[in-house]
Each structure stands twice: as C-alpha cells, then as structure tokens.
Amino acid sequence: MADPDSARLARLRRSHPTLADLERSARRRIPRFAYDFIQGGAGDDSGAARNRRALADVQLVPRYGVEVGKVDTSVTLFGRRYAAPVGIGPVGMDGLMWPGATRLLAEAAQRHGLPYLCGTLATETIETVCALAPDVTWFQLYPMPAEDHRLSLDLAWRAWNAGAHVLAATLDVPVRTKRPRDLRNGFTMPFRLRPRFAAQAAMAWPWMMALAKAGVPTFANIERYSGTEDPAAFVGRNVGGGFSWEALARLRDAWPRAMMVKGVLHPADAERAVRLGIDGILVSNHGGRQFDAAPAAADVLPAIAAAVGDRATVMLDSGIASGVDVLRAMALGAQGALSGRAFLLAMAGIGDLGARHMAAALMEELETACAQCGLTSPEDAPSLARRHPGAWTAQEFGPAPATDTQTEAAE
Ligand SMILES: Cc1cc2nc3c(=O)[nH]c(=O)nc-3n(C[C@H](O)[C@H](O)[C@H](O)COP(=O)(O)O)c2cc1C
C-alpha cells in the first residue's frame, strides 16, 4: 500500500537533513522548559557536548574498489533480527517534550524494524507500547526500592507479560544531580505547573496543537501504583536511586528473557554484570545528564568491548547524531547503538512524522556510510582503519578496586 506520508517525508529529508536543522526548528516549536529539558545536562552542561565531540573525532578510513552491491544493515540483537543496529533510547516524560511521543516512537520503531527501549517514565503503558510495537519493544526499568523492590519486580513482570523482548536496568542514576537549565526554568521534580510554563506554551502553538490532540501526558506505567497521591509526587518519592548488585542479581533471576544494564562506563562494572549473567551492556553516560565529569561514552567503549569480548552484547548511547555515528560506534566495538535526544528533537522540530524521519535518516546514513567504506554490513566496521583520539586504554582504569572483589566474595 502506498505510504500517504511519503511526499512529506521526502520534503523533510531535504529541509532537515541534519540533527542541527531539527534542533533549530525544535527551539522555535516547543516551550522553553521542554527544549531545555531535552538538551540540558548535569552541571556545566559539558557532558552532552563531550559525547558528540568524542564521536565526531573518530575517523574511519574508507576502502575503495570494492564491489559492495547491496548493503545489508540488518543485525541480530539478543536473538532477534532488526533492520539496523540502531534503536530508540528511553526518555522519561517524552510526552511533555512532544505530546503523543511514546506512541509515535513505538509506531516508528515497529514500522522500521528498529528496537525501542520504552522507559519506565514513558507516557504510555508498557502494555500499550508492546501492542503497538510487538516485534521491537524492550523495557527500561528504574529502581523502585521500597518494600524490597516490590514495584520494580511488578513492573518487570508486566513488561514480561506484555511481551517486551529485553529488560534494561538503569544503573547510572544513584542520585538526582543538578541540571541548571531545569532549575532556572523551575522544571523540577515533583513537577508543579507554574504560570511561566503556560506563558511559554502559549507561544509554542505547534506544541499546543499536539497537546490538544494527544491529551495531557501522564506517568502511565506508574499511575496504577500511586493511588490517591499525585503521580508526579509519587514518582519523586519512589522512583530512582541505583540498583545494588544484589538487587540486580535478583532481577536477573526473576527476568526470563535477555537483560541489559544501562549506564556502564567502567570495564570492571561490565565484567561484574557479565558474571551475574547479564546479556547486554549499554555503555552510556545518560547523555551527559548525570555527571559532567564522566568520560564520553564513546571514549570508554573500546576498553569495555575488549573486557566483555563475546560474552555479552555491547551497545552504545550518548551522542549519536547520525548514521555515521552508528558506524563509528560499531567500529569501536559496539554491536548496536541507541539514540535519545535525536528522536525527541525530530518530533519537537517537525511534529508527528519526526520519529519516522529520524529512523529513516539514521538507516539511510548508515547504509550510505557502509557503502562509502566498502562494507556490505555494519558488522564489518571493526575491520576499518580508525583513529580515536579520546580512547581510554584498559590501563587507565587501573586495577579493579579491592572493594569489588571483597564484596563479590562476600555475596
Ligand atoms: C529528555 C530525556 C529523558 C531521559 N529519560 C530517561 C529515562 O527515563 N530513563 C533512562 O534510563 N534514560 C533516560 N534518558 C537517557 C537516554 O536514555 C539516553 O541514555 C541518552 O539520551 C543518550 O544520549 P543522547 O541523547 O545523546 O542520544 C533520558 C534522556 C533525555 C534526553
């Protein structure tokens, strides 16, 4: 059947060929507090920029004279085939950034055959997302440590029951850190509607129209737990903190399908996760949103990939801005990549077709980059000659801290 949106998508391909084009449009079309929430980082905001720079600095040397023919970007991740090694990362409160976002992300992922790691704090339930995207949905879990993780385990059980293929436990939010842009805007947890938000929203009419269509976003996965308490206040009180290794081990035992940990930056943490039976390591610094002194995820990726070897699937997020970046991540040892901001900015910048536009752009750019480099598959990217000026060596991480081995031995 002909795609009724194909002409519009073709126009968007010409008008918004890069993430920078989408960022410019997004800034005009959504309220200031929402734009700053997407783009903002921890502390001095340098983490997100470092992620992008680290990837941009990776140079790959193409090989010519190769009969590439057709590039096949498809890959197997956790036992399932996907159209390309790039997916959509979890973004909490996505429906505030672009109303209807969770649904649009799920539909785009299903249509393009790309993984969608739906967040605990998404604005549709995991049950709805799995129904919209049965072939590609993964679920991201934040800890809810009260009562011995009763609600974390309940959410994981719901995700399993709904058909999520992979569970990803987020490790890298042990505390809430300071995001200056959100503080200046008064956009803090627990969320309270402030008059200035209404003023900013009134000037962002594309966003207002999307809100009128999609309705006010909610913490859909959490609502059933919050009872009479305001869901935002409930989230503020109950969701977050780190997973201890002990809690992770129990989750690993309880979850019967593939399981990842999200937010690993140290090879010794990756090693420990692998020894717990974790199937996937998502190398990430949360897009620079947690700790501005953290290394760029891309810069620690080679050391972590080397430590893990073929015992688990290694993926990267933090800084992916194009399909070329996906190839860079693969060259550095990842089996796939996820992107958070690019998809949000695409919806914020061009509206409901944004997620589809971004999926198509990443896939097209990856395919072209492979052909340019003489590769028939992105899986061959590690064979490319490369220069990676920011790379951390295994030695720079030092020996595993004694506390690791001591606590492990005690467990
Ligand atoms: C607005 C926003 C909200 C996010 N919310 C979550 C979340 O709820 N859970 C989570 O594990 N990561 C969350 N992240 C982090 C992303 O999953 C991902 O690690 C990060 O965005 C990757 O960097 P990138 O934005 O440069 O692609 C969020 C990121 C953004 C931009």
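- As recorded in an unreviewed UniProt entry, the protein goes by L-lactate dehydrogenase (FMN-dependent) and comes from Wenxinia marina DSM 24838.
- Its UniProt record gives the protein the following Cofactor (unreviewed entry) comment, quoted word for word: "FMN".
- Under the UniProt heading Sequence similarities (unreviewed entry), the entry covering the protein gives this text: "Belongs to the FMN-dependent alpha-hydroxy acid dehydrogenase family."

**A word on the overall build of the protein**
At step 1: Tallying secondary structure elements over the protein gives 20 helices and twelve strands in all.
At step 2: Relative to the compact-globule value of 22 Å for 411 residues, the protein shows a C-alpha radius of gyration of 20 Å, a close match.
At step 3: Expressed as lengths along the three principal axes of its C-alpha atoms, the size of the protein is roughly 60 × 60 × 40 Å.
At step 4: Among the 411 residues that make up the protein, the fraction classed as buried is 55%.
At step 5: The long-range fraction of contacts in the protein, counting pairs at least 24 apart against all pairs at least 6 apart in sequence, stands at 74%.
At step 6: Summing over all exposed atoms, the protein offers an accessible surface of approximately 17,500 Å²; the carbon and sulfur share of this is 55%.

**Considerations on the UniProt feature "binding site: FMN" (unreviewed entry) in the protein**
At step 1: The feature "binding site: FMN" (unreviewed entry), as annotated in UniProt, sits at Pro90, Val91, Gly92, Gln140, Thr170, Lys262, Ser284, Gly340 and Arg341 in this numbering.
At step 2: Relative to the elements of secondary structure, Pro90 occurs in the loop between β4 (86–88) and α5 (94–97).
At step 3: You can call Pro90 buried: its relative accessible area is 16%.
At step 4: Those residues in contact with Ser284 that sit more than four places away from it in its chain are Asp172, Lys262, Gly263, Val264, Leu265, Ala297, Asp317 and Ser318.

**Overview of empty space enclosed by the protein**
At step 1: Following the criterion strictly, the structure yields one cavity of 30 Å³ or more and no others.
At step 2: Of the pockets and cavities examined, the largest cavity occupies roughly 50 Å³.
At step 3: Forming the walls of the largest cavity are His149, Ser152, Leu153, Phe243, Ala247, Arg250 and Leu251.
At step 4: Breaking the lining of the largest cavity down by element, the ones donating at least two residues are α8 (146–162) and α14 (245–254).
At step 5: When its residues are assigned to classes, the lining of the largest cavity shows four nonpolar, two polar and one charged.

**Section: the site of the ligand**
At step 1: Neighbouring the ligand are 20 residues; Pro90, Gly92, Thr170, Asp317 and Gly319 lie closest to it.
At step 2: Interatomic distance of 2.7 Å between a backbone N/O atom of Pro90 and an oxygen atom of the ligand.
At step 3: The contact in question runs from an oxygen atom of the ligand to an N or O atom on the side chain of Asp317, over 2.8 Å.
At step 4: Calculation on the ligand without its partners gives an accessible area of 600 Å², and the protein chains cover 97% of this total.
At step 5: When the residues that make up the shell around the ligand are grouped by side-chain class, the tally is six nonpolar, ten polar and four charged.

**Side note on unusual backbone geometry**
Keep in mind that most residues, glycine aside, have a negative phi and that most peptide bonds are trans.
At step 1: Phi is positive for Phe78, which is not a glycine, with a value near 50°.
At step 2: With respect to the helices and strands, Phe78 occurs in the loop between β2 (75–77) and β3 (80–82).

**Considering the side chain of Arg158**
At step 1: You can see Arg158 is positioned in helix α8.
At step 2: The exposure class assigned to Arg158 is buried, which follows from its relative accessible area of 2%.
At step 3: Discounting residues that sit within four places of it in the chain, Arg158 has contacts with Thr125, Ile126, Glu127, Asn221, Arg224 and Tyr225.

The rules behind these values
- Residues numbered from 1 in each chain as written.
- Predicted model: local features only at pLDDT ≥ 70, side-chain atom pairs only at ≥ 80, totals over all residues.
- Heavy atoms only, no water.
- UniProt positions renumbered as here; feature names shortened; annotations may be inferred.
- Helix = DSSP H or I, 4+ residues; strand = E, 2+ residues; numbered from the N terminus.
- Rg over C-alpha atoms; globule rule 2.2 N^0.38 Å.
- Buried < 20%, exposed > 50% of the residue type's maximum accessible area, 1.4 Å probe, protein only.
- Contact = heavy atoms within 4.5 Å.
- Areas by Shrake-Rupley, 256 points an atom, 1.4 Å probe, with all protein chains shown as cover.
- 1 Å grid on protein atoms, 1.4 Å probe; cavity = no way out; pocket = protein on both sides within 12 Å on 5 of 7 lines; lining within 4 Å.
- Points joined across faces, edges and corners; volume = space filled by probe spheres on them.
- Nonpolar A, V, L, I, M, F, W, Y, C, P; charged D, E, K, R; others polar.
- Near = heavy atom within 4 Å.
- Polar contact = N/O pair within 3.5 Å; in protein donor to acceptor, adjacent residues only side chain to side chain.

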